[in-house]
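Each chain, written out:
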Amino acid sequence: MNNPFIGPISKPDTEKGVYDDFERRLANRNSGTLLETLALDITPSGAHYLLTHFDTPIIDFNEHKLHFEGAFENPFTLDMHQIYDLPEVSMPVTLECSGNGRAHASPRAYSMPWGYEAVGTSEWTGTPLAPLIAQAKPKADVVDISFTGVDFGYDAGVGHHFGRSLTISQLEKLDVLLVHTMNGQPLLPQHGAPLRIVVPGWYGMASVKWLAKIEALTEKFEGFQQIKTYRFRQDAEDEGSPVTSLKVKSLMVPPGVPDWLSRDRCVESGNVTIMGKAWSGSGHKITKVEFGINGNWQDAQVIGRRGKYAWTAWQYIWNAEPGEHILQCRATDETGATQPIDPPFDVGGFGNNAIQSIKVFVHPAD
């Protein structure tokens, strides 16, 4: 095997349903949510999905500082006690990994083999970022604001801290939070303690964890995780377009009980309440959810959401008849965007919002 610290690892061709040791190690290190928790408006912190590129930094709360630097007229530094003293807001926000669903695409990108589980909704508490940016006073020629975490590692032979950026225009439109609390408790180490940002309505890669530096830049940010990854590409030579806002999507709580290995489901015949969640990007409302039974679609009941950036609850009463069935769900948002039946192709396996399918065996009621 080639040295991963001086160049990219050769990635083999993928085969549907077949994963090698590297992918299995990634799957063991990164955890998805429990689909059962889709019954809840707020995902328990321990069940919220995790995607961590490098090691999880263990940071001393009392020593950690956030630096505003670069092309600011008024650069400054805040410690965690000062950050806790800032005006505080709480916001339920649904976060989804942009690679969620990668395992269902064909050909599959060689990477973390997510199924459906890389999504969750937490009550994030912190302070709005915009007033702090205004206090730092970006200079007139600033084009990007970058966010850099403490975590450091290598990807494709390039050593870097995980970092992302937003333009001044994007920051004016997005309700970005500087977050220190998750579901009423201080951030856990794996979720970015002691400080992170949350970018509502965008895929999770924008919500930088273990945040240490906010920098004003007079040229476009060229961090590895901004220009080399997290771009929609049709082939390796395609410059692509950046991954940003969430695509419309829905999931259901798997009904009945599972088989241990296949995760197929078993239910008794009769009325079965199917429930789930649907979401979209940029705070767009979910206007319709459909429930599919063997390819036949019926409107589900759209119940509502707890906030602009939180997922929307839905349910359907299914008259389950004995036999084998494929259950699916499909959401539409206020822009008219609807989930596709088949996964859209992307070299990196990003943004797969194809419909969820679950195989269910219905037994006659006793």
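Below or above, wherever it landed, is the structure these notes cover. Note that the structure is predicted; figures quoted are calculated from it, not measured. (Residues numbered from 1 in each chain as written. Predicted model: local features only at pLDDT ≥ 70, side-chain atom pairs only at ≥ 80, totals over all residues. Heavy atoms only, no water.)

**Notes on the overall build of the protein**
The secondary structure content of the protein amounts to 5 helices and 22 strands. In terms of overall size, the protein behaves like a compact globule, its C-alpha atoms giving a radius of gyration of 21 Å where 366 residues would be expected to give roughly 21 Å. Along the three orthogonal principal directions, the C-alpha set of the protein runs to about 70 × 50 × 35 Å. Burial statistics for the protein: of 366 residues in total, 50% are counted as buried. (Helix = DSSP H or I, 4+ residues; strand = E, 2+ residues; numbered from the N terminus. Rg over C-alpha atoms; globule rule 2.2 N^0.38 Å. Buried < 20%, exposed > 50% of the residue type's maximum accessible area, 1.4 Å probe, protein only.)

**With respect to the pattern of salt bridges**
In total, this model carries 11 salt bridges according to the counting rule given. Ionic pairing is found between Asp41 and Lys277, a salt bridge with its closest N-O pair at 3.9 Å. Taken together, the residues span a long stretch of sequence, with Asp41 in the loop between α1 (21-29) and β1 (65-70) and Lys277 in strand β16 (residues 270-279) at a distance of 236 residues. Taking relative accessible area as the criterion, Lys277 reaches 2% and is therefore assigned buried. Where Glu324 meets Lys359, a salt bridge forms, and the shortest distance between an N and an O atom there is 3.9 Å. Taken together, the positions of Glu324 in strand β21 (residues 323-333) and Lys359 in strand β22 (residues 356-363) put the pair 35 residues apart, joining distant regions of the chain. With a relative accessible area of 31%, Lys359 lands in the partly exposed category. (Salt bridge = Lys/Arg side-chain N within 4 Å of Asp/Glu carboxyl O.)

**Things to note about the nonpolar core**
Grouped together as the largest cluster of nonpolar side chains are 61 residues, with contacts concentrated most on Phe68, Ile145, Phe147 and Ile214. Of the residues forming this core, the biggest block, 4 residues, is contributed by strand β7 (residues 177-182). Setting aside anything within four residues of it in sequence, one finds Phe147 in contact with Leu129, Phe162, Gly163, Arg164, Ser165, Leu166, Leu171, Ile197, Val208, Leu211, Lys213 and Ile214. The next biggest cluster of nonpolar side chains, apart from the first, holds 21 residues, and it includes Ile293, Ala320, Val360 and Val362. (Core = buried A, V, L, I, M, F, W, Y, C linked by side-chain atoms within 4.5 Å. Contact = heavy atoms within 4.5 Å.)

**A closer look at unusual backbone geometry**
Following Ser106, the chain continues to Pro107 via a peptide bond in cis, the omega torsion being 0°. With omega at 5°, the peptide bond leading from Ala193 into Pro194 counts as cis. With respect to the helices and strands, the residue Pro194 is situated in the loop between β8 (185-186) and β9 (196-198). If you check the backbone angles, Ala156 has positive phi at about 55° while not being a glycine. Relative to the helices and strands, Ala156 is located in the loop between β5 (144-155) and β6 (158-167). With a phi angle near 55°, Asn294 is a residue other than glycine that sits in the positive phi range. Relative to the elements of secondary structure, Asn294 occurs in the loop between β17 (286-293) and β18 (296-299).

**Some words on a nonpolar patch on the surface**
A surface patch of nonpolar side chains, amounting to about 460 Å² of accessible area, comprises Phe5, Ile6, Phe152 and Tyr154. Turning to its location among the elements, Tyr154 is positioned in strand β5. Looking at Tyr154, the relative accessible area reads 40%, which means it is partly exposed. (Patch = residues over 30% accessible without salt bridge, like charges linked within 9 Å, V, L, I, M, F, W, Y side chains within 5 Å. Areas by Shrake-Rupley, 256 points an atom, 1.4 Å probe, with all protein chains shown as cover.)

**Examining the environment of Phe291**
If you trace the backbone, Phe291 turns up in strand β17. The buried category is assigned to Phe291, whose relative accessible area is 0%. Sequence separation between Phe291 and Tyr316 is 25 residues, and the spatial gap between their C-alpha atoms is 7.1 Å. When residues no more than four places from it in sequence are discounted, the contact partners of Phe291 are Met252, Ile274, Asn296, Trp297, Gln298, Trp314, Tyr316, Trp318, Leu327 and Gln328.

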